[in-house]
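# Reading the structure
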Amino acid sequence: MIWNRERETLSDSKKEAIQGELLKNQIKRVYGSIPFYKEKIDSSGLTPEMIMSIFDIKKLPFTTKDDLRDNYPFGMFAVSTDKIVEIHTSSGTTGKPVVGGYTKKDIEIWSEVMARCLAFSGTTENDVVQNAYGYGLFTGGLGVHYGARRIGANVIPISGGNTKRQLMVMQDFKSTIITCTPSYSLYLAEVGEEMGIDFKSLPLKAGNFGAEPWSNNIRKEIENRLGLLALDIYGLTEIIGPGVGNECRYKCGVHICDDHFYPEIIDPDTGEVLPPGEVGELVITTLTREATPLLRYRTRDITKLIPGRCQCGRTSVRIERIMGRTDDMLIIRGVNVFPTQIEEVLVNIKGIEPHYQIIVERTGTLDQLEVQVEMNENLISDEIRRLEILESSIRSEIESLLGIKVKVKLVEPKTIARSEGKAKRVIDKRNI
Ligand code: ADP
Ligand code: ZN
């Protein structure tokens, strides 16, 4: 189901015209109201009038996470405090959290784009949305909440954690849609299976999973164990929170709500704009955000634009699921490694669970990568020899994919910490 058919199926020319108008207004607003941007635009030799269409966006300077941190907490606000109705911060996964402000209109926009995202997974007013994203300063909980409200679904604001209660509510309130991080959904599956719950007999039909990178193989695992359709939802506090984009049921990339958020891909080293199909850093300009508008924000998320049209009928630009963040990319002896690449390998191997952690250490000048992965219950009693064979076969699969040497260690079931929110996959002990 397409939530806003008119806006989600615009022709290219109509969309470009709308984006151009919005961008022109946005530039004038940020120039007139945020000293940081006035200075930046002035010093790049531009005037707001020089931005005449969406194609002029390339002339604008970038905004970085450090710019936001330097202007913490309210230096990037474009409106006075009486216009602010809500404030959120990012989770702080990579350092000091950044702040997003919302006017009434921003909350309207958020509700609209989140309604679109929930509609991707088939949510209607007849659905019961169990919202297991954290409520609070984190955008996940309230963002999904506003979207579900907009649709008129019955939203259960259970927030993250308290897994047994989640499972009780899921059964008793007959949840049809679940929203949480992909790693938490697997934890729900694990605890539910232990309690003897048959997920396939529950009315659960779909889930919007996001806030952290996950692979296609993990998707299959979630779909099989929970008996639902698992779709990827993407967003970040700086732009709006969840609701920047979502996969449709064709699962061929995340549709970006590009009448609100304009995406570009750049080479993270040179800043050069890359064409569709080439992998780089996602940059987003907010076209409509009032309180904390951002020009060409460097998300540090790595992906690519997908060329061509999607079968679902939407004309919005699609991005490949996020491979990881530039911050998460490990450079091991000159080779770029994302945790999701290792995950893709692990999930296909029998005898292990999809719970893993990557430990990076440095001995002398050499980086050593160790993958710790849980064996499943059936394997514990196996002879050491068989476990060693399994370890070495995992090792050779990873090595042939990455082209570097790694260590693999099977660990006892349930020894790797479970997360209720974003999973921590990498422990970097290198002190660099
Ligand atoms: P933080 O950067 O502190 O984690 P947020 O809580 O705002 O801040 O989370 C936004 C970030 O989470 C994104 O920039 C991205 O790195 C990650 N993220 C969100 N959704 C997804 C997704 N579907 N796939 C991969 N990563 C995601
Ligand atoms: Zn589609």
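Treat the numbers as computed from the prediction; the structure is a model and nothing was measured. (Residues numbered from 1 in each chain as written. Chains lettered and ligands numbered in written order. Predicted model: local features only at pLDDT ≥ 70, side-chain atom pairs only at ≥ 80, totals over all residues. Heavy atoms only, no water.)

## Overview of helix α6 (residues 139–151)
The end-to-end C-alpha distance of α6 is 18 Å, a good match for the 18 Å that 13 residues give at a rise of 1.5 Å each. Burial analysis of α6 places 10 of its 13 residues in the buried class, the great majority of the element. Residues of α6 that are buried: Thr139, Gly140, Gly141, Gly143, Val144, His145, Tyr146, Gly147, Ala148 and Ile151. Phi turns positive, to about 90°, at Gly152, one or two residues after α6. (Helix = DSSP H or I, 4+ residues; strand = E, 2+ residues; numbered from the N terminus. Expected span 1.5 Å × (residues − 1). Buried < 20%, exposed > 50% of the residue type's maximum accessible area, 1.4 Å probe, protein only.)

## Some words on the environment of Arg300
Along the polypeptide, Arg300 turns up in strand β12 (residues 297–303). Arg300 gets classed as buried once you look at its relative accessible area, which sits at 19%.

## Points about the packing of aromatic side chains
Using the criterion set out here, one finds six aromatic pairs in the structure. For the pair Trp110 and Tyr146, a centre-to-centre distance of 5.5 Å together with 70° between the ring planes defines the contact as edge-to-face. Remark: Tyr146 occurs in helix α6 and Trp110 occurs in helix α5 (residues 104–120); sequence separation between them is 36 residues. Its relative accessible area of 0% is what places Trp110 among the buried residues. The exposure class of Tyr146 is buried, given its relative accessible area of 17%. Aromatic side chains Tyr184 and Tyr187 sit 6.2 Å apart centroid to centroid with 50° between the ring planes, which places their arrangement in the tilted category. One end of the pair is Tyr184 and the other is Tyr187, both in helix α8 (residues 182–194) and three residues apart, which spans about a single turn. Residue classification places Tyr187 among the partly exposed residues on the basis of a relative accessible area of 23%. The structure contains a cluster of three or more aromatic residues connected by ring pairs, namely Tyr102, Trp110 and Tyr146. Over the ring of Trp214 we find Arg321; its NZ or CZ atom is 4.7 Å from the centre of that ring. (Phe/Tyr/Trp six-rings, centres within 6.5 Å; stacked < 30°, edge-to-face > 60°. Lys NZ or Arg CZ within 6 Å of the ring centre and 35° of its normal.)

## Overview of the domain arrangement of the protein chain
As assigned here, the protein chain comprises domain 1 (1–326) and domain 2 (330–428). Distance between the C-alpha centres of domain 1 and domain 2: 30 Å. Listed as interface residues are 26 residues of domain 1 and, on the opposing side, 17 residues of domain 2. Between domain 1 and domain 2, roughly 1800 Å² of surface is buried when both sides are summed, and carbon and sulfur atoms account for 53% of that area. For the pair domain 1 and domain 2, the interface holds three salt bridges. Salt-bridge contacts for Glu194 lead to Lys414; the nearest nitrogen and oxygen are separated by 2.9 Å. (Domains from an automatic or database assignment. Contact = heavy atoms within 4.5 Å. Buried area = accessible area lost by both parts, 1.4 Å probe. Salt bridge = Lys/Arg side-chain N within 4 Å of Asp/Glu carboxyl O.)

## Focus on the environment of Ile177
Position of Ile177 relative to the elements: it lies in strand β5 (residues 177–180). It is 8.9 Å that separates the C-alpha atoms of Ile177 and Leu118, two residues lying 59 residues apart in sequence. Discounting residues that sit within four places of it in the chain, Ile177 has contacts with Ser121, Thr123, Asp127, Val128, Val129, Gln130, Leu204, Lys205, Ala206 and Asn208.

## Re the coordination of the zinc ion (ligand 2)
Taken together, the protein ligands of the zinc ion (ligand 2) are Cys248 (SG), His255 (NE2), Cys310 (SG) and Cys312 (SG), with distances of 2.1 to 2.3 Å. Coordination at the zinc ion (ligand 2) is tetrahedral, judged from the four donor atoms that bind it and the angles of 103 to 117° they form at the metal. (Donors = N, O, S within 2.8 Å, 3.2 Å for Na, K, Ca; no water. Tetrahedral: all angles 85-135°; square planar, octahedral: opposite > 155°, others 65-115°.)

## Some remarks on the packing of α5 against α6
Contact geometry of α5 with α6 gives a least axis separation of 7 Å together with a crossing angle of 80°. Comparing the axis directions of α5 and α6 gives the class roughly perpendicular. Residues Ile107, Glu108, Trp110, Ser111, Glu112, Met114, Ala115, Leu118 and Ala119 of α5 pack against Thr139, Leu142, Gly143, Val144, Tyr146, Gly147, Ala148, Arg150 and Ile151 of α6. Broken down by class, the residue content of the contact of α5 with α6 amounts to 11 nonpolar, four polar and three charged. (Axes fitted to C-alpha atoms, helices over the stretch in contact; angles between N-to-C directions. Parallel < 35°, antiparallel > 145°, perpendicular 65-115°, else oblique. Nonpolar A, V, L, I, M, F, W, Y, C, P; charged D, E, K, R; others polar.)

## Looking at helix α9 (residues 216–226)
Burial analysis of α9 places eight of its 11 residues in the buried class, which makes it a mostly covered element. Buried positions along α9 lie against α8, β6 (206–210), β7 (229–236), β8 (241–247), α10 (339–347) and β18 (352–363). The positive-phi residue at the C-terminal boundary of α9 is Gly227, with phi of around 65°.

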